[in-house]
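Breakdown of the fold
One letter stands for each residue in the lines below.
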Amino acid sequence: MNWLRPRGPRRGLLRRLRPPQLLALVYLLGIALGAALLHLPGMTRPGVNLNTVELLFTATSAICITGLVVADTGETFTRLGQVTIILLAQIGGLGIITFGTLFALLAGRRVNFSERQHLAQQVNALNVGGVVALVRIIFLYTFAAQGVGALLLSLRFVPQFGLGEGLYQSVFHSISAYNNAGFVVLPGGMAPYVADPLVSGVIAALIMLGGLGFLVQLNLLTHWRAPRRNRLLIYSRLTLWTTLALLLIGAVLILALEWRNPGTLGPLGPGGKLLASVFQSVTPRSGGFATVDFTAMGNATIFLIIALMFIGANSGSTGGGIKTSTFAILLGSAWNLIRGRTELITFGRRVLPENVVRAGTITTIYTLLVFTGFFLMLVTNPTLRFTPLLFETVSAAATVGLSLNTTHLLNDPGLIILSVLMYLGRIGPVTFALALNLRETSSGRVRYPPERDILVG
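What counts and what doesn't
Residues numbered from 1 in each chain as written. Predicted model: local features only at pLDDT ≥ 70, side-chain atom pairs only at ≥ 80, totals over all residues. Heavy atoms only, no water. UniProt positions renumbered as here; feature names shortened; annotations may be inferred. Helix = DSSP H or I, 4+ residues; strand = E, 2+ residues; numbered from the N terminus. Expected span 1.5 Å × (residues − 1). Buried < 20%, exposed > 50% of the residue type's maximum accessible area, 1.4 Å probe, protein only. Salt bridge = Lys/Arg side-chain N within 4 Å of Asp/Glu carboxyl O. Axes fitted to C-alpha atoms, helices over the stretch in contact; angles between N-to-C directions. Parallel < 35°, antiparallel > 145°, perpendicular 65-115°, else oblique. Contact = heavy atoms within 4.5 Å. Nonpolar A, V, L, I, M, F, W, Y, C, P; charged D, E, K, R; others polar. pLDDT = per-residue confidence, 0-100. Phe/Tyr/Trp six-rings, centres within 6.5 Å; stacked < 30°, edge-to-face > 60°.

If you look the protein up in an unreviewed UniProt entry, it shows as Potassium transporter KtrB from Deinococcus indicus. For the record of the protein, the UniProt heading Subcellular location (unreviewed entry) holds the text "Cell membrane".

Here is the structure:
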């Protein structure tokens, strides 16, 4: 299979690329390919005219598993266009490099150590040596989870839409939910299912599974099968407890803030209010689905949703944001400072100082990214209001896909800015996590004396 290997200067160029650089490049190429496919005839319905920027924005939203759209996906794109979008989301969710390696494995080609490094970067693997086997498990588990989700959704959609259309709707939304993509092609969107425990429950469960991250899911499965032999990792415990806390806090606050709001939870019964509040607490974690009208929410609830979007899902998952582990480390560090402790301890283990520095650095980068993007959005779209633009900016940077009905009002420069934010938001957590990986300082490097007279805080 030597013909599969790049030769000459191109091969040398690829070998010189570091894993973060290669990851950024392949996602960029994926966006370009997706935009080219959506330009083909038969992708949009007759009478629909989307310009190049709008199609590029849609492709970026799909590859970066965000879900922001300039027009209703079901009404704008044909069945072929919808399938293209959901396939782009599947590729973007699992990772382009992961897909490429699978095809190489199917072709019988051996995966070298450099390619294993690239895979480890993509799936946040803890052990480069076992990453190829991990990829196989990821694919089997992902398709199994999506298959079960589609089967459960079909119990509602097949009686409603018929066999063919019902199965299509089930598969489409199972893939979209698990990948935290947020694309919806249901007539009327998700709003008709606000009090439906089957549809809302399955979609929320798929969002949470995809947002947990592959390693946490696999660690949970192996731990449940053999608790004594396969311990639950400290990282898994940290992310699970943080995820549960954010889910409960978000649901309780949304329930309290929107209980009497006639535009959101007001018309629902007690059970419907509880279900809707839990769903709306899950979806900002990068899901992008909505069963209530977000434009009717109060300002306090909108602020809460923005905060949840900024935190996002877990590392190595299909979600975005700064990640729950980053948020937990920041909170723990702040609490340590208040108590006067010098070391961060979690579940009986000491968190390495470089991880604390990395968490602060990633949060700073994300904050600067959001602030810069928001400022540019204000400059390029001066007629739009402050809050919807901030909501849109955070939603794009955290690859969530929720909107206050603003995306279709943006001009081309605004769509380009959001496209850049979605791209950086998708590759950012993974790329920066490896690029900022602090190694031990070698003895050959110059060590400067410390300065203790710098005031902080």
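Following the structure, the description resumes.
Here helix H17 (residues 386-397) is 12 residues long and its end C-alpha atoms lie 17 Å apart, about the 16 Å a rise of 1.5 Å per residue gives. Three or more residues of H17 are buried, namely Pro 388, Leu 389, Phe 391, Glu 392, Thr 393, Val 394, Ser 395, Ala 396 and Ala 397. Positive phi shows up at Thr 399, right after H17, with a value of about 50°.

Within this structure, the stated rule accounts for two salt bridges. Note that Arg 79 is salt-bridged to Glu 165, the shortest N-O span being 2.8 Å. A residue pair is termed long-range when its members are at least 10 positions apart, and Arg 79 in helix H5 (residues 79-94) and Glu 165 in helix H9 (residues 163-178) qualify at 86 residues. Glu 165 gets classed as partly exposed once you look at its relative accessible area, which sits at 27%. One salt bridge in this structure joins Arg 156 and Asp 196, with 2.6 Å as the shortest N-O distance. Within this pair, whereas Arg 156 is found in helix H8 (residues 131-161), its partner Asp 196 is found in the loop between H9 and helix H10 (197-212), the two being separated by 40 residues in sequence. A relative accessible area of 30% means that Arg 156 is categorised as partly exposed. We classify Asp 196 as buried; its relative accessible area is 12%.

Next up on the list: the packing of helix H3 (residues 52-63) against H5. Interaxial distance between H3 and H5 falls to 7 Å at its minimum, and their mutual angle equals 45°. Of the possible angle classes, the one that applies to H3 and H5 is oblique. Facing H3, whose interface residues are Thr 58, Ala 62 and Ile 63, H5 presents Ile 85, Leu 88, Ala 89 and Gly 92. Here the residues of the contact of H3 with H5 sort into five nonpolar, two polar and no charged.

Overall, the predicted model of the protein reaches an average pLDDT of 84, with 82% of residues at or above 70. Considering only residues more than four positions removed or in separate chains, one finds that residues 1-6, a stretch of pLDDT under 50, has 10 contacts. Predicted confidence is poor over residues 435-444, with pLDDT under 50, and the contacts of this stretch with residues over four places away or in other chains come to 10 contacts.

Aromatic rings considered in pairs are described by the distance between their centres and by the relative angle of their planes. Scanning the model with the defined rule gives seven aromatic pairs in all. On the basis of an interplanar angle of 55° and a centroid distance of 5.9 Å, the ring pair of Phe 157 and Phe 161 is categorised as tilted. Of this pair, Phe 157 and Phe 161 both sit in helix H8, four residues apart, which is roughly one turn of that helix. A relative accessible area of 1% places Phe 157 in the buried class. With 4.9 Å between their ring centres and 85° between their planes, Phe 374 and Phe 386 make a pair best called edge-to-face. Of this pair, Phe 374 sits in helix H16 (residues 353-380) while Phe 386 is found in helix H17, placing the two residues 12 residues apart along the sequence. Judged by relative accessible area, which is 9%, Phe 374 ranks as buried. Each member of the aromatic cluster is reached from another via a ring pair, and the members are Phe 157, Phe 161 and Tyr 193.

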